[in-house]
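# What the coordinates show
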Protein chains: 2
Amino acid sequence: MEKIFEQVLLYDFYGELLTPHQRNIYEDAVCNDMSLGEIAKEHGISRQGVHDLIKRCDKILQDYESKLHLVARFGTVREKIGEIEQLTRLNQTGQMETISGEEPKLQERMERIRSLSREILKEL
Amino acid sequence: MEKIFEQVLLYDFYGELLTPHQRNIYEDAVCNDMSLGEIAKEHGISRQGVHDLIKRCDKILQDYESKLHLVARFGTVREKIGEIEQLTRLNQTGQMETISGEEPKLQERMERIRSLSREILKEL
């Protein structure tokens, strides 16, 4: 399950760098959850051929990640965005929400949001 | 000048995808502002060879940009981060600063920051 999740993420970021043929087959396997047999039949190639192509695409995508780190950087940015979402949450009376028991202070909160947004820019 | 700026940005994002040899020469030309003659001498190749290599690297980097759009996406994210910086700016008395003459309202400002941060996540 975790492997599929990683493959989907890698494909999201680097899929455009595969050939159309590689993309078609990789998508069927990874995003459309088709079996090797089904894909082989659909594309008129052997099961072994499908298997090899998927392994080769895994390698290509991982190589790009090892050089550009887009998936890893996306994870970091997503965490920082999550924190900004929490910091900007207001309750029903339009007041800032308390985070881990601390009374919200406008100045500290704004400074934290600024610093998070700068960190995001540095991640890119 | 604008071309150099574009080359530096492309190199920042995709330089890792060039070979070490391509990187050395492209860096000398684009980041270290060396002349074709100086680079040719340093690397023991012809001026024409340096010229061709730089053109080829330009093409490789532009091809990656046309597929992954990292430079363009970075520009968009940087604008949104700029807006967040403006929205979180406080004056000397610790109050939110007025933006284009409008009195700041906590709720609107927090909502705008949230929506900007979500847009950033979608850009990635």
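Residues numbered from 1 in each chain as written. Chains lettered and ligands numbered in written order. Predicted model: local features only at pLDDT ≥ 70, side-chain atom pairs only at ≥ 80, totals over all residues. Heavy atoms only, no water.

## Observations regarding the relation of the copies chain A and chain B
Applied cut-off: When the copies are superposed, the least-squares fit draws on C-alpha atoms of residues that have pLDDT of at least 70 in both. In this description, contact between two residues means that some pair of their heavy atoms is separated by no more than 4.5 Å.
The transformation that overlays chain A on chain B combines an axial shift of 0.0 Å with a rotation of 180°, and the residual RMSD is 0.0 Å. The transformation just described matches what one would write down for a two-fold rotation axis. Both copies contact each other with a shared surface, as 100% of the interface residues of chain A are interface residues in chain B too.

## Things to note about the interface of chain A and chain B
Rules: By buried area we mean how much accessible surface two parts lose on assembly, using a 1.4 Å probe and totalling the loss over both. Here, a salt bridge means any side-chain nitrogen of Lys or Arg that lies within 4 Å of a carboxyl oxygen of Asp or Glu.
Across the contact, 32 residues belong to chain A and 32 residues belong to chain B. Across the chain A to chain B interface the summed buried area is about 3,000 Å²; carbon plus sulfur atoms make up 76%. Contact with chain B buries area across many residues of chain A, yet Met 110, Arg 114 and Leu 124 of chain A alone supply 18% of it, more than any other trio. Where chain A packs against chain B, one counts two salt bridges. Here Glu 85 of chain A and Arg 118 of chain B are joined by a salt bridge, their closest N and O atoms 2.7 Å apart.

## Brief notes about the pattern of salt bridges
Residue and element names in this part refer to chain A. As a reminder, the rule being used: Per the convention used, a helix needs a DSSP run of H or I reaching at least four residues, while a strand needs a run of E reaching at least two, with both numbered from the N terminus. Accessibility here uses a 1.4 Å probe with only protein chains present; expressed as a share of the type maximum, an area under 20% marks a residue as buried, one over 50% as exposed, and anything in between as partly exposed.
Summed over the entire model, instances satisfying the criterion amount to 13 salt bridges over all chains. Among the ionic pairs, Lys 3 bridges to Asp 58, the shortest N-O distance being 3.8 Å. Of this pair, Lys 3 sits in helix H1 (residues 2-14) while Asp 58 sits in helix H4 (residues 47-68); the two residues are 55 residues apart in sequence, bridging distant segments of the chain. Asp 58 gets classed as buried once you look at its relative accessible area, which sits at 10%. Residue Lys 59 pairs with Asp 63 through a salt bridge whose shortest N-O separation is 2.8 Å.

## Some thoughts on the packing of aromatic side chains
Residue and element names in this part refer to chain B. Filter applied, for reference: Ring pairs shown here join Phe, Tyr and Trp side chains whose ring centres sit within 6.5 Å, with only the six-membered ring taken for Trp; geometry is labelled stacked below 30 degrees between planes, edge-to-face above 60, and tilted in between.
In total, this model carries seven aromatic pairs over all chains according to the counting rule given. Between Tyr 11 and Tyr 26, the aromatic rings sit 5.7 Å apart at their centres with planes inclined by 35°, giving tilted as the arrangement. Of this pair, Tyr 11 sits in helix H1 (residues 2-14) while Tyr 26 sits in helix H2 (residues 20-30), and the two are 15 residues apart along the sequence. The same class applies to Tyr 11 and to Tyr 26, which are both buried.

## Looking at the domain arrangement of chain A
Residues and elements named next belong to chain A. Basically, it comes down to this: Domain boundaries shown here were taken from an automatic or database domain assignment. Polar contact is defined as a pair of N or O atoms within 3.5 Å, subject to the rule that within protein one atom must be able to donate a hydrogen and the other to accept it, and that residues adjacent in sequence are counted only when both atoms are side-chain atoms. Under the scheme applied, nonpolar residues are Ala, Val, Leu, Ile, Met, Phe, Trp, Tyr, Cys and Pro; charged residues are Asp, Glu, Lys and Arg; polar residues are all the others, including Gly.
Domain assignment breaks chain A into domain 1 (2-68) and domain 2 (71-123). Spacing between the C-alpha centres of domain 1 and domain 2 amounts to 36 Å. Domain 1 puts six residues into the contact, and the matching count from domain 2 is four residues. A combined buried area of about 450 Å² lies between domain 1 and domain 2, and 63% of that area is made up of carbon and sulfur atoms. At the junction of domain 1 with domain 2, the criterion picks out three residue pairs in polar contact (both at pLDDT 80 or more). Where the side of domain 1 that touches domain 2 is concerned, the elements lending two or more residues are H1 and H4. When residues of the side of domain 1 that touches domain 2 are assigned to their parent elements, the largest contribution, four residues, is made by H1. Its residues assigned to classes, the side of domain 1 that touches domain 2 shows five nonpolar, no polar and one charged.

## A few points about unusual backbone geometry
Residue and element names in this part refer to chain A. In this structure, His 69 is a non-glycine residue whose phi angle is positive, near 55°. Relative to the elements of secondary structure, His 69 occurs in the loop between H4 and helix H5 (70-87). By relative accessible area, which is 39% here, His 69 ends up partly exposed.

## Describing the side chain of Gln 7 of chain B
Residue and element names in this part refer to chain B. Mapped onto the elements, Gln 7 comes out in helix H1. Accessibility expressed as a relative area gives 8% for Gln 7, which makes it buried. Those residues in contact with Gln 7 that lie beyond four places of it in its chain are Tyr 26, Val 30, Ile 54 and Asp 58.

## Details of the environment of Met 96 of chain B
Within the secondary structure, Met 96 of chain B sits in the loop between helix H5 (70-87) and helix H6 (106-123). Looking at Met 96 of chain B, the relative accessible area reads 13%, which means it is buried. Discounting chain neighbours no more than four positions away, the residues touching Met 96 of chain B are Leu 106 and Met 110 of chain A together with Arg 89, Leu 90, Asn 91, Pro 104, Lys 105, Leu 106 and Arg 109 of chain B.

## A few points about the nonpolar core
Test applied: Working definition of a nonpolar core: buried Ala, Val, Leu, Ile, Met, Phe, Trp, Tyr and Cys residues. They are joined through side-chain atoms within 4.5 Å.
Core analysis: the largest hydrophobic core is formed by 48 residues, its most contacted members being Tyr 14 of chain A together with Tyr 14 of chain B. In this view, Tyr 14 of chain B contacts Leu 68 of chain A together with Leu 61, Tyr 64, Glu 65, Leu 68, His 69, Leu 70 and Val 71 of chain B; residues no more than four positions away in its chain are not counted. Counting residues in each nonpolar core, the second largest holds 21 residues, with Val 77, Ile 81 and Ile 120 of chain A together with Leu 87 of chain B among its members.

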